[in-house]
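One-letter residues, chain by chain:
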Amino acid sequence: MATSAEVSPFSGFRARAEALDREDGLRHLRDEFHIPTKADVKRNTLLAGDRSNDAHVDETTPCTYLCGNSLGVQPKRTAARIQQYLATWATQGVQGHFKPLEDSPLPTWLDADHRAAKMMAPIVGAEETEVAVMQTLTANLHLLMSAFYRPNPNGRHKIILESKAFPSDHFAVLSQIRHHGLSPETSMVTIESPFAEDPIISTYDIQALISKHAADTALILLPGIQYYTGQLLDIPTITAYARKHGIFIIWDLAHAAGNVTLSLHDWDVDAAVWCTYKYLNGGPGCIGGAFVHSRNSLITTPVLDGEPEPEQSYGHRLSGWWGNEKGTRFQMETKFHPAKGAAGFQISNPSVLDITSLCASLELFELAGGMAPLREKSKRLTAFLEECLAQMSEDAKKLFRTITPSDPNQRGSQLSLLLMDGLLDVTMHGLQEHGIIVDERKPNVVRVAPAPIYNNFNDCVAFVEAFETSLVAAQAAKLNK
Ligand SMILES: Cc1ncc(COP(=O)(O)O)c(C=O)c1O
């Protein structure tokens with residue numbers, strides 16, 4: 001990076017970033033989060049230990065955290081809410097399930113899942129009853145596929161997914177196909193990008209593949225945002241196309257929930273799953289989310305007690321007591337009465353610890369005024385990041401290219417930077433040395449995601465300055481080998 005004696009090529013950007021940060025109507029939200037300090041991210045101990053040199057800049061300067069695509073940072077209020085949850089448990093024991101406490105902001109544990117679904121619904125553009133906060137992403141994918149993938153070996157049996165799907169989605173599809181006694185060779189169809197060096201898949205290519213396999217495809221699984229490239233797929237258009245061909249479509253919204261505006265109900269999406277530890281800041285491995293369009297959770301005849309199974313009934317669900325309606329759940333009957341909507345897909349009583357952690361962060365989405373203002377800021381942040389990257393020296397720019405679409409409507413906050421071979425490790429090391437937290441995806445991609453709820457324009461400049469230095473150093477190291 002430039003020393004104080006030199007003028008950084010980014011000084012103009014710094015000044016602009018400071019002005020943009022001052023004018024940002026959401027800037028107060030950054031203070032709601034623990035952003036690790038530069039010293040924190042370098043330390044190999046849990047606690048700071050001797051803080052006698054607290055005045056040292058690294059002890060107080062936040063690192064540049066641009067990794068909400070992997071794990072969101074911790075809201076400060078998470079600790080307070082968890083403390084309230086612990087106090088409820090400590091003072092009330094089992095009564096915490098049913099007994100509201102006058103001075104507590106938390107619901108009873110019995111109502112915790114319902115409140116979480118209510119807070120989550122506007123984030124994904126769903127009706128309250130279409131969302132369940134439960135399990136984890138891949139587990140929810142299996143639950144939804146168990147309910148909605150009903151292959152007929154002589155009719156519709158194929159599942160379409162992208163060839164570069166997140167491995168967990170790939171494994172889930174493989175195992176579902178095998179679970180039904182079918183072979184992935186004949187029942188699994190993958191969408192390839194036509195250009196190996198450009199992994200973006202167009203809506204046209206997806207539609208063409210759907211048309212080709214329409215007659216025997218039972219299900220499509222696609223990512224709202226592709227984890228490697230950061231491409232935001234055209235969810236409404238692809239959903240409409242799948243539905244026109246009578247194919248059930250599930251969206252993996254791991255990288256889209258809390259990142260872009262979604263209207264799952266209005267877009268007629270069949271079903272979706274997501275996790276809450278990325279842009280939703282629930283904490284590592286936190287409870288997941290599922291959407292089931294209201295038309296797909298209609299309850300027809302009870303079936304779990306030896307009665308015949310009507311098509312489209314809830315009988316195909318894998319069921320457990322928490323999916324039973326609340327009114328009769330504790331009567332301990334063995335006749336299953338599913339709760340209305342997505343809640344009827346729940347199985348076990350959820351971890352209230354997880355839900356408490358998640359809802360602490362969802363409070364901040366409410367404070368932000370919902371997804372629309374966040375998305376508006378996000379588009380400006382990512383465009384600014386892109387502009388800063390374009391300001392890098394020509395020598396540095398030759399060493400990478402951005403593979404995320406440049407159209408803001410075809411991406412969320414993340415930019416994926418594809419480095420030339422042999423530069424990733426040294427570049428990532430250099431970034432860490434500068435207190436920059438981003439993540440890598442092998443073989444050659446650095447993912448950078450300014451999350452509008454806590455990142456600012458200055459973070460974008462800090463990243464690009466350090467990226468240029470680290471990339472050039474990586475190239476020098478490669479040439480000297
Ligand atoms: C796109 C995508 N799908 C699925 C998963 C798996 O999620 P989980 O481990 O919560 O099941 C992830 C995790 O990062 C992901 O990014």
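Before going further, it helps to spend a moment on the domain arrangement of the protein chain. Structurally, the protein chain comprises domain 1 (11-62 + 372-480) and domain 2 (96-361). Relative to domain 2, the C-alpha centre of domain 1 lies at a distance of 32 Å. Contacts between domain 1 and domain 2 engage 26 residues on the former and 17 residues on the latter. Around 1,500 Å² of area is buried between domain 1 and domain 2 when both sides are counted, 52% of it from carbon and sulfur atoms. Sorting the residues of domain 1 by area buried against domain 2 places R375, I403 and Q414 first, and these three jointly supply 27% of that buried surface. Applying the counting rule to domain 1 against domain 2 returns zero salt bridges. There are eight residue pairs in polar contact (both at pLDDT 80 or more) connecting domain 1 and domain 2.

Enumeration over the complete set of coordinates arrives at 17 aromatic pairs. Between F33 and Y454 the ring centres are 5.1 Å apart and the planes differ by 55°, which places this aromatic pair in the tilted class. Of this pair, F33 sits in strand 1 (residues 33-34) while Y454 sits in the loop between strand 15 (445-448) and helix 16 (457-480), and the two are 421 residues apart along the sequence. The same class applies to F33 as to Y454, namely buried. On the basis of an interplanar angle of 75° and a centroid distance of 5.5 Å, the ring pair of F384 and F457 is categorised as edge-to-face. On the criterion of sequence distance, the pair formed by F384 in helix 13 (residues 371-390) and F457 in helix 16 is long-range, its members being 73 residues apart. We classify F384 as buried; its relative accessible area is 2%. A residue is classified by how much of its surface remains accessible, and F457, at 1% relative accessible area, is buried. An aromatic cluster is built from F10, F13, F384 and F457, whose rings are joined through pairwise contacts. For R317, the ring lying beneath its charged end belongs to F345, and the centroid distance is 3.8 Å. For the cation-ring pair, R329 lies above W322, with the distance from its terminal atom to the ring centre recorded as 3.8 Å.

Calculation notes
- Residues numbered from 1 in each chain as written.
- Predicted model: local features only at pLDDT ≥ 70, side-chain atom pairs only at ≥ 80, totals over all residues.
- Heavy atoms only, no water.
- Domains from an automatic or database assignment.
- Contact = heavy atoms within 4.5 Å.
- Buried area = accessible area lost by both parts, 1.4 Å probe.
- Salt bridge = Lys/Arg side-chain N within 4 Å of Asp/Glu carboxyl O.
- Polar contact = N/O pair within 3.5 Å; in protein donor to acceptor, adjacent residues only side chain to side chain.
- Phe/Tyr/Trp six-rings, centres within 6.5 Å; stacked < 30°, edge-to-face > 60°.
- Helix = DSSP H or I, 4+ residues; strand = E, 2+ residues; numbered from the N terminus.
- Buried < 20%, exposed > 50% of the residue type's maximum accessible area, 1.4 Å probe, protein only.
- Lys NZ or Arg CZ within 6 Å of the ring centre and 35° of its normal.

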